Amino acid sequence: MTTIPLVDLGAQQAEIAEEVRAGLDEVFATTAFVGGPAVGRFEAAYASFSQVTHCVGVANGTDALELALRAAGVRPGGEVIVPANTFIATAEAASRIGAVPVPVDVDPVHLLIDPAAVRAAVGPRTEAIVPVHLFGQVAPVEEISKLAADAGVPMIEDAAQSQGALRHGRAAGSFGLAAGTSFYPGKNLGAAGDAGAVTTSDAEVARTVRVLAAHGSARKYEHEAIGMNSRLDTVQAVVLEAKLRRLAGWNAARRAAAARYAELLAGVPGVRVPVSAVGNEDVWHLYVVQVDERDRVLRELNEAGIGAGIHYPTPVHLTGAYAGLGLGAGAFPVAEAAADRILSLPMFPHLTAAQQERVASALADAVRTP
C-alpha cells in the first residue's frame, strides 16, 4: 500500500532542480557563501511579493520573530500578547528577549486569535500584540491593529504559515509594523533547511533588524548593540528564489485542493471542515479538520497509509515550558477543546484528486468506526 504523505517535498524539488543546480554552481564559482547576490535578489523579490519595501533574510523563523520584536522596542519584562493556539516559537521569541508571553484564546470558527480576548488582555505592561496567520489563514488584522493602536503598541505578525495569503487583496506580513516568517522546508515557501525573514515597510525597523542580526554591527567591527548571528544562508536563498517563482501557482493548487476536500467531505457526518473568513484568500499551509475521538481516527488513518498529523496537540499555556505562567487547564477553553479534535490532512501543491479521494474515503471510514 502506497502511503500518501502529509507533505511531499520531492515533487517540489523535482520542479526546481535545474534552476537550483545552476544557482549553486554560481555560488560556488564566485565563493559568495555568506551574503552575496543570491541573498539580495531573494530579499528584493520576497519584499515585492509580500507588498512591503524591506525584507531581511535571517537564519530561521524564530529568529525572525525575536528580531522583529526587538526592533519594535519590546523590552525584558514587557508583555507580548499571543494566541494560545500556535506553535511554541511565537511565545518563545518573546521569552528569548526576556519579555513575558501572554496567551489568549482563539475564535471557535477559524481558531485564530480572538480580538475580544486580546482586548481583555491588554494592560499597562503590554508592549506588542502578535496575531498568527495560522494554517495559511490571515488573522483578523483590522481589529487587532486597532487594538494595538489604541494601546500604543506595535502589531507584529507571525506570518510563518501564510506566504502568499491575502486579506482584501493585501498580503499577510504587510499589515503590522513588521512580520516574522519561516522558510522551514514544509512551509508554502520552504528552503532546503532552516531559513526565515523579517518583512516591513519601516526603513528604521529594517535597519535595526539587519544590525541586530549581524552581531549588532552595521559596519565591520563597529558594534552599536548586542546582537546575534542570524543570516539567511546563500544556498537557501538560491532554493527560495527558485521556489518563489512558482509560489503563486503552488498556492493556487493548494486552494483547489482545499475546495476539493470541502466537496468530498461535505456529506461526511462527524467531520468539521475549515472555512475561510470573508475577505480572505487563504493559502492552506495545513488543511485542518475537526473530529471526535481524534487520536483513534488519526491512528486508523496512519494504518491506512494516510500521512495525517496534529497541529498542535498542546496549547502554549499547557506546555511544560510555560508552566511558570500559572495558567492551567480551563484557562482558554476554545483552544483546549480544539487541541483534542484537530486533525491535519495531507496538503501540498502536487496532491492529486485520486489521492484526496482516498484520504476522504479513509477518513469517512474512520469516523464511522465505533
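Structure shown above.
As a further point, take the sheet that holds strand β3 (residues 100-104). Overall, parallel pairing links the 3 strands, which are arranged β3-β2-β4 in an open sheet. Pairing within the sheet leaves two strands with one partner each, and these edge strands are β3 and β4 (126-129). In this sheet, neighbouring strand axes are inclined to one another by 35° on average, regardless of whether the strands run parallel or antiparallel. As paired elements, strand β2 (residues 79-83) and β4 share 3 bridges and run parallel to each other. Directly across from I81, in β4, lies its bridge partner I129.

Neither face of strand β14 (residues 342-345) is open: one carries I342 and S344, the other L343 and L345, and all of them are buried. Two strands pair when backbone bridges link them, and strand β13 (residues 287-290) and β14 are joined in this way by 4 bridges, in the antiparallel orientation. What sits directly across from Y287, in β14, is L345.

The strand order across the open sheet formed by 3 strands is β7-β6-β12, and the pairing between neighbours is antiparallel. Edge strands, defined here as strands with exactly one partner in the open sheet, are β7 (170-171) and β12 (280-281). In this structure, strand β6 (residues 166-167) lies alongside β7, joined through 2 bridges in antiparallel fashion. Residue R167 lies in a different strand from β7, and its bridge partner there is R170.

Once that is clear, we can look at the side chain of R246. Mapping R246 onto the fold places it in helix α8 (residues 234-265). A relative accessible area of 19% places R246 in the buried class. Among the polar contacts made by the side chain of R246, one reaches the side chain of E19 at a distance of 2.6 Å. Among the polar contacts made by the side chain of R246, one reaches the main-chain carbonyl oxygen of A242 at a distance of 2.9 Å. Setting aside residues up to four positions removed in sequence, R246 forms contacts with E15, I16 and E19.

Parameters and conventions
- Residues numbered from 1 in each chain as written.
- Predicted model: local features only at pLDDT ≥ 70, side-chain atom pairs only at ≥ 80, totals over all residues.
- Heavy atoms only, no water.
- Pairing = 2+ DSSP bridges.
- Helix = DSSP H or I, 4+ residues; strand = E, 2+ residues; numbered from the N terminus.
- Axes fitted to C-alpha atoms, helices over the stretch in contact; angles between N-to-C directions.
- Buried < 20%, exposed > 50% of the residue type's maximum accessible area, 1.4 Å probe, protein only.
- Polar contact = N/O pair within 3.5 Å; in protein donor to acceptor, adjacent residues only side chain to side chain.
- Contact = heavy atoms within 4.5 Å.

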